[in-house]
Amino acid sequence: MADADVIPIGSGGRPGRGSGRRTTPSAAARALAGPGGRTKKKARVDKRPDAGETPVEPVGAVPDVDGPEAPAGFDFAGLEQAVRGLFGEDGERRVAEWLAFLRRRLTGEYELDEFGYDSDLTDQVLLPMLRPMVEKWFRVEVRGIENIPSDGSALIVANHSGTMPLDGLVTQVVVADHTGRPLRTLAADLVFQTPFVGELSRKGGATLANNDDAERLLRQGNLVGVWPEGFKGLGKPFAERYKLQRFGRGGFVSAAMRTGVPIVPCSIVGAEEIYPLVGNIASLARLLGVPYIPITPFFPLLGPLGLIPLPSKWLIEFGEPIRTDDFPDGAADDPMLVFNVTDQVRETIQQTLYTLLMQRRSVFF
Amino acid sequence: MVTGVSRDAGARCARRLADDPSIGTVLGVDVVPPRAELGRVRFVRADIRNPVIAKVIAAEDVDTVVHTGVVATPGSAGGRSSMKEINVIGTMQLLAACQKAPGVAKLVVKSSTTVYGAGARDPAMFTEEMAPRAIHHHGLSKDAVEVEGYVRGFARRRPDVCVSTLRMANWIGPKTDSPITRYFAMPVVPTVFGYDARLQFLHEDDGVEAIHHATVNDLPGTFNLAGDGVLSLSQAIRRLGRPTLRLPSFTASSTAAAVRRARLADFSPDQITFLTYGRGVDTTRMRTEFGFEPKYSTAEAFDDFRRSLGTGAMTRVSSLLTAGLGALRG
């Protein structure tokens, strides 16, 4: 196989057909491939994007794949030219990255952390899918991003609203885009009981909201997002918008105290208006075992169309961090102190919400 | 004395102990004669469900009992009721015999992480202190909980005996034959639609080493043992290069029955919930108190297992992609 005929492909980075001589790989391809051979054959065998760092896999064991006639019917030279013609030089790199991603997904060569967070999938698929919603649909305006520490852990506590937990997804995108760090969210058990939703949430960095998981995430130096109002905040009637509900049982405060991590209050304006909840089919909700079945002005009246969120203008403000590391030892087991700090966080968010609402010109602009 | 030596895991543990020159005599106990080569291990045919085991312990002056006789598969034990008999009644009889034997100074029990159950309300990682959130009423999970209950009772009644309970993640490796390895060996792997379990594995060599480690050192307590890291079920199947068949959860039990009839793999309901929700255990104590470092991570153990299977259909697709990538790079 070493002395087999080398079929020259590529055109040395210039558009047009291959010149027939041995060509050099394009700059993008060199960047991806690293040092390696230049012939097609070698590219197949040696130039796997991550051949260096991932364990050897038995691809080579598959008969007739690495042979010259293996991908019969696949004109890769033509493919390369088609890609270059369609997407240009930069597009070629992007397509190559996509293929590399697809290949990692197919062979399972990616890492999950112990919570099931799949950074590869989140960065390549989930966040890019959500980004247009954040930037174009809700036109999110972010303030106080400097209050999120650039390293070390922090607990971001936010108000919850909007019937469907889109505010969680939006905050996740915002934090990832502005700080470059993933936001690990704490979600209700209903999320993990639901097929697909639970699976995707775990891969997107969510875990079950309980003290064990929260403290574990915080000890490992993560940014953790929590919406302590839970379903009470999500499913409150439209008439009660921007009135904070009870902040759970203060479990998030004791988790922060035990780990000595700052609490960053986060106020989200705009999420209340995406699905104005005017009614609730309580009997059906009980039957299905969910907290509520919403009735909005467009749902279920317009059917699936009613599921499109209204394009409200969002403001997200991160407040000044509240330190928890200067409390004495055992403070987390002092319920009175925990309640006080919980109230302090709640009040901060409520006040910021009022300020932001005053500044907002209209719901949609 | 090692129980359950006619099955592979028990036989390997017994052989490993016999290879250690610091251990005098290794006695292997089981109902049926072992098929595997036992080397220096002396085989005694005795049933742990029977009080005869007390006579064996007394006659041979046993000082350490390693209990690997907990059966995971109803099929290999001849039905679920027989499996429960071996697991629960066997452990009871064995512990009763140990309690009456003043010479016994150490008990090592090979338990399983199935004691934590599996469910949507589980924390990401179970530490040894955590109680299961989802209680199972079936299979190995229930047996393991009961076995551990009896072991704790024994530890209370005989405080002079050093009792180590090893909660091991699923063993995996080229030689392991278990429901989980058979599951992965199926040509098309069925999974539950809409869920992706987090899995941890312990390489079979690490499992044997851990039993040996617990036997030669005095390490009382309960320890989680698993390789580092987690694999998701879909990821594991992709690494095998096998196609997945995603079936809705209500068909899970009928699928399991069909698979059982086809003699491909043997599933109990607790294994189906495990493959739905998955489970993770915290192994901090394994390093700090138990002082054991597994040689294989979860992914490495799985890769070792994968090498023993052939490549699946999906591997071809990925090699095509590799070729495409190569072409794009000139």
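Conventions we followed
Residues numbered from 1 in each chain as written. Chains lettered and ligands numbered in written order. Predicted model: local features only at pLDDT ≥ 70, side-chain atom pairs only at ≥ 80, totals over all residues. Helix = DSSP H or I, 4+ residues; strand = E, 2+ residues; numbered from the N terminus. Rg over C-alpha atoms; globule rule 2.2 N^0.38 Å. Buried ≥ 20, exposed ≤ 12 C-beta atoms within 10 Å, placed from the backbone. Contact = placed C-beta atoms within 7 Å. Axes fitted to C-alpha atoms, helices over the stretch in contact; angles between N-to-C directions. Parallel < 35°, antiparallel > 145°, perpendicular 65-115°, else oblique. Left-handed = near helix turned anticlockwise from the far one by under 90°. Pairing = 2+ DSSP bridges. Core = buried A, V, L, I, M, F, W, Y, C linked by C-beta atoms within 7 Å. pLDDT = per-residue confidence, 0-100. Nonpolar A, V, L, I, M, F, W, Y, C, P; charged D, E, K, R; others polar.

### What about the overall build of chain B?
What chain B contains, in helices and strands, is 13 helices and 13 strands. Here the C-alpha atoms of chain B give a radius of gyration of 20 Å, agreeing with the 20 Å that 2.2 N^0.38 yields for 330 residues. Its C-alpha atoms give chain B principal-axis dimensions of about 70 × 40 × 35 Å. Counting only residues that meet the buried cut, chain B has 55% of its 330 residues in that class. Long-range contacts, defined here as pairs at least 24 residues apart, represent 80% of the contacts in chain B between residues at least 6 apart.

### Digging into the overall build of chain A
Helix and strand content of chain A: twelve helices and nine strands. Considering chain A as a whole, with its 365 residues, one finds that 39% of them fall into the buried category. Across chain A, contacts joining residues at least 24 apart in sequence account for 69% of those joining residues at least 6 apart.

### Things to note about the packing of helix α8 (residues 211-219) of chain A against helix α10 (residues 251-259) of chain A
All names here are of chain A. Across the interface, α8 lies against α10 with an axial gap of 9 Å and an inter-helix angle of 40 degrees. Considering the angle they form, α8 stands oblique to α10. Between α8 and α10 lies a crossing whose hand is right-handed. Residues N211, A214, E215, L218 and R219 of α8 form the contact with α10, whose participating residues are G251, F252, S254, A255, R258 and T259.

### With respect to helix α8 (residues 233-240) of chain B
Residues and elements named next belong to chain B. α8 sits mainly inside the fold: eight of its eight residues count as buried. Within α8 the residues assigned to the buried category are L233, S234, Q235, A236, I237, R238, R239 and L240. After α8 finishes, the residue G241 shows a positive phi value of roughly 70 degrees.

### Re the sheet that holds strand β5 (residues 106-112) of chain B
Residues and elements named next belong to chain B. Taken in spatial order, the seven strands of this open sheet run β3-β2-β1-β4-β5-β6-β11, and their pairing is parallel. Of all the strands in the sheet, just β3 (42-45) and β11 (221-225) have a single pairing partner and so form its edges. Relative to β5, strand β4 (residues 64-67) runs parallel, the two being bridged by four bridges. Looking at the pairing, V66 lines up with V108 of β5. Running at roughly 160 degrees to β5, helix α5 (residues 139-157) makes contact with β5 and β6 (162-168) of the sheet.

### Some details on the environment of R242(B)
For R242(B), the position within the fold is in the loop between α8 and β13 (244-247). The spacing of R242(B) and A185(B) is 57 residues in sequence and 9.0 Å in space, taken between C-alpha atoms.

### Structural notes on the nonpolar core
Judged by nonpolar contacts, the single largest core of 94 residues is most densely connected at V2(B), A14(B), C98(B), L166(B) and L225(B). Per-element tally for this core: the top contributor is helix α4 (residues 80-100) of chain B, with seven residues. Not counting residues within four places of it along the chain, the set of residues in contact with L225(B) comprises L166(B), R167(B), M168(B), A169(B), L202(B), A210(B), T283(B) and M286(B). Formed by 57 residues, the second largest nonpolar core is a distinct cluster that contains A176(A), A255(A), V264(A) and A332(A).

### Comments concerning the sheet that holds strand β5 (residues 223-226) of chain A
Backbone hydrogen bonds are what pair the strands of a sheet, in a parallel or an antiparallel way. All names here are of chain A. Read from one edge to the other, the open sheet built from seven strands follows the order β1-β9-β6-β2-β5-β3-β4, with strand pairing classed as mixed. If you trace the sheet from one side to the other, it starts and ends with β1 (141-143) and β4 (207-208), each paired once. Where strand β3 (residues 183-187) lies against β5, three bridges are found, and the strand directions are parallel. Note on β5: the bridge partner recorded for L183 is L223. Along the sheet face, helix α5 (residues 166-179) touches β1, β2 (154-158), β3, β5, β6 (263-269) and β9 (315-318) and points at about 165 degrees away from the line of β3.

### Section: the pairing of β4(B)
Residue and element names in this part refer to chain B. Alternating positions in β4 separate into two faces, T64 and V66 on one and V65 and H67 on the other, with burial throughout. The pairing of strand β1 (residues 2-3) with β4 spans two bridges and is classified as parallel. Counted as the bridge partner of T3 is H67 from β4.

### Focus: the confidence of the model for chain B
Overall, the prediction assigns chain B a mean pLDDT of 87, with 95% of residues at 70 or greater. The ipTM for the predicted assembly is 0.85, set against a pTM of 0.81.

### A closer look at the confidence of the model for chain A
Residue and element names in this part refer to chain A. Taken as a whole, chain A shows an average pLDDT of 81; of its residues, 79% reach a score of 70 or greater. Every residue in residues 10-25 scores below 50 in pLDDT, and together they form 35 contacts with partners more than four places removed in sequence or on other chains. Below pLDDT 50 for its whole length, residues 33-72 participates in 61 contacts with residues either more than four positions away or in separate chains.

### Topic: unusual backbone geometry
All names here are of chain A. The amide bond that connects F299 to the next residue, P300, takes the cis arrangement and shows omega of 5 degrees. Backbone geometry places T163, a non-glycine residue, at a positive phi of 65 degrees. Looking at the element boundaries, T163 is found in the loop between β2 and α5. Judged by the 22 C-beta atoms lying within 10 Å of it, T163 is buried.

### Describing the packing of helix α2 (residues 52-60) of chain B against α4(B)
Geometry of a packed helix pair, given as the angle between the helix axes and the separation of the axes. Residues and elements named next belong to chain B. Between α2 and α4, the least distance of the axes is 9 Å, while the angle of their chain directions is 40 degrees. In terms of their interaxial angle, α2 and α4 are classed as oblique. For the pair α2 and α4, the crossing hand works out as right-handed. Mapping the contact onto sequence places I53, A54 and I57 in α2 and Q93, L94, A97, C98 and K100 in α4. For the contact of α2 with α4, the per-class residue count stands at six nonpolar, one polar and one charged.

### Considerations on α8(A)
All names here are of chain A. The complete set of buried residues in α8 reads D213, A214, R216, L217 and L218. Lining the buried residues of α8 we find β2, β3, β4, β5 and α10. Once α8 ends, the next one or two residues include G221, with phi positive near 80 degrees.

### Quick look at the environment of P165(A)
On the secondary structure map, P165(A) appears in the loop between β2 and α5. The sequence separation of P165(A) and P300(A) amounts to 135 residues, and the corresponding C-alpha distance is 18 Å.

### A closer look at the environment of V147(B)
Residue and element names in this part refer to chain B. Along the chain, V147 turns up in helix α5. On the neighbour-count criterion, V147 (27 C-beta atoms within 10 Å) is buried. Residues V147 and S82, spaced 65 residues apart in sequence, show a C-alpha to C-alpha distance of 15 Å. What V147 contacts, discounting residues up to four positions off in sequence, is V70, N87, V88, T91 and S111.

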